[in-house]
Amino acid sequence: MNPKQIPNAITISRMVASLPLLYFLIEGNSRVAFWIAMLAGMSDSIDGYLAKKFDWRTALGGLLDPIADKLLLSVCFIGLAWQHAIPFWLCVLVLGRDVVIVTGAWVWWKTIGPFKPMPSWISKLTTFFQIVYVGLKLADLAYAFVPEIALSLLLWLVIGFTIASGLDYFIRYGSRALRAWRKQ
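Residues numbered from 1 in each chain as written. Predicted model: local features only at pLDDT ≥ 70, side-chain atom pairs only at ≥ 80, totals over all residues. Heavy atoms only, no water.

Participant: Looking at this structure, how should I read the packing of aromatic side chains?
Facilitator: One pass over the full model with this rule turns up eight aromatic pairs. With a centroid separation of 5.1 Å and an interplanar angle of 75 degrees, the aromatic rings of Tyr23 and Phe24 are classed as edge-to-face. Accessibility expressed as a relative area gives 23% for Phe24, which makes it partly exposed. Here the aromatic residues Phe34, Trp35 and Tyr143 are joined through ring pairs into a cluster of three or more. The aromatic ring of Tyr169 is capped on one face by Arg172, whose charged end is 5.4 Å from the ring centroid. One residue, Arg176, lies across the ring of Tyr173, its end atom 5.0 Å from the ring centre. (Phe/Tyr/Trp six-rings, centres within 6.5 Å; stacked < 30°, edge-to-face > 60°. Buried < 20%, exposed > 50% of the residue type's maximum accessible area, 1.4 Å probe, protein only. Lys NZ or Arg CZ within 6 Å of the ring centre and 35° of its normal.)

Next comes the structure, spelled out in structure tokens:
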């Protein structure tokens, strides 16, 4: 294997890890699920470090890395909702926002042309709060040590930022799409 492909191999292993992660979440084995999620999170840091440090960045890696991250986060929300550890509507909210964004990007690509996503600061904060919430929720299920007030606060931050981020994408890209369509 070409060393330049090492970060991609790590990213693909993170995608593959989503299957056992979902399995252990559905089965209620929170400790194993927690450690799979933690290892997957560490692998994200490692592949990013290698890609930047040794300039092993590739177009494929640029595409696969955010897909792997979103896949793992989605699996966590689905598995936690399945366990009734989080409200089902929260899972629908988080995944629904992502479906709307992907659908909007697809419509843009089909009607306007190439789509270059530019995540906003609010989108990055949304992802940050979602990851922290899921990580602490998994830790609490596995080891029961996270204060309920922390989980409640994070829950509200996830709700607020997910809604705000969805609206931000809708307004920003919707207005750009309208301008592009008017030019045509």
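Participant: Can you help me understand the packing of helix H2 (residues 30-53) against helix H5 (residues 121-143) in this one?
Facilitator: Each pair of packed helices can be summarised by the angle the axes make with each other and by the distance between the axes. H5 packs onto H2 with a crossing angle of 145 degrees between their chain directions and a minimal axis gap of 8 Å. In the packing of H2 onto H5, the handedness of the crossing is left-handed. Where H2 approaches H5, its residues Ser30, Arg31, Phe34, Trp35, Ala37 and Met38 are matched on the opposing element by Gly135, Leu138, Ala139, Leu141, Ala142 and Tyr143. Considering only residue class, the contact of H2 with H5 consists of nine nonpolar, two polar and one charged. (Axes fitted to C-alpha atoms, helices over the stretch in contact; angles between N-to-C directions. Helix = DSSP H or I, 4+ residues; strand = E, 2+ residues; numbered from the N terminus. Left-handed = near helix turned anticlockwise from the far one by under 90°. Contact = heavy atoms within 4.5 Å. Nonpolar A, V, L, I, M, F, W, Y, C, P; charged D, E, K, R; others polar.)

Participant: Which parts of the structure should I look at to understand the nonpolar core?
Facilitator: For soluble globular proteins, nonpolar side chains are generally found buried alongside one another. Ranked by size, the top nonpolar core spans 34 residues in total, and within it Leu21, Phe77, Leu90, Tyr133 and Leu138 carry the most contacts. Sorting the residues of this core by element identifies helix H1 (6-27), H2, helix H3 (59-82), helix H4 (88-111), H5 and helix H6 (148-183) as the ones contributing at least two each. For Leu21, the contacting residues outside a window of four places in its chain are Ala33, Ile36, Ala37, Leu72, Val75 and Cys76. (Core = buried A, V, L, I, M, F, W, Y, C linked by side-chain atoms within 4.5 Å.)

Participant: Would you explain the layout of surface pockets in this entry?
Facilitator: Over the atoms, a rolling probe the size of a water molecule traces out where space has been left empty. Empty space within the largest pocket amounts to approximately 1,500 Å³. Lining the largest pocket we find 39 residues, and of these Asp65, Pro66, Ile67, Asp69 and Lys70 sit closest to its centre. Mapped onto the lining of the largest pocket, the elements with two or more residues apiece are H1, H2, H3, H4 and H5. By residue number, the principal contributor to the lining of the largest pocket is H3, which donates 12 residues. For the lining of the largest pocket, the per-class residue count stands at 24 nonpolar, six polar and nine charged. Computed from the structure, the second largest pocket encloses a volume of approximately 390 Å³. Lining the second largest pocket are 22 residues, and of these Val100, Gly104, Tyr169, Phe170 and Tyr173 sit closest to its centre. With 11 residues, H6 is the largest single contributor of residues to the lining of the second largest pocket. A class-by-class count of the residues in the lining of the second largest pocket yields 16 nonpolar, five polar and one charged. (1 Å grid on protein atoms, 1.4 Å probe; cavity = no way out; pocket = protein on both sides within 12 Å on 5 of 7 lines; lining within 4 Å. Points joined across faces, edges and corners; volume = space filled by probe spheres on them.)

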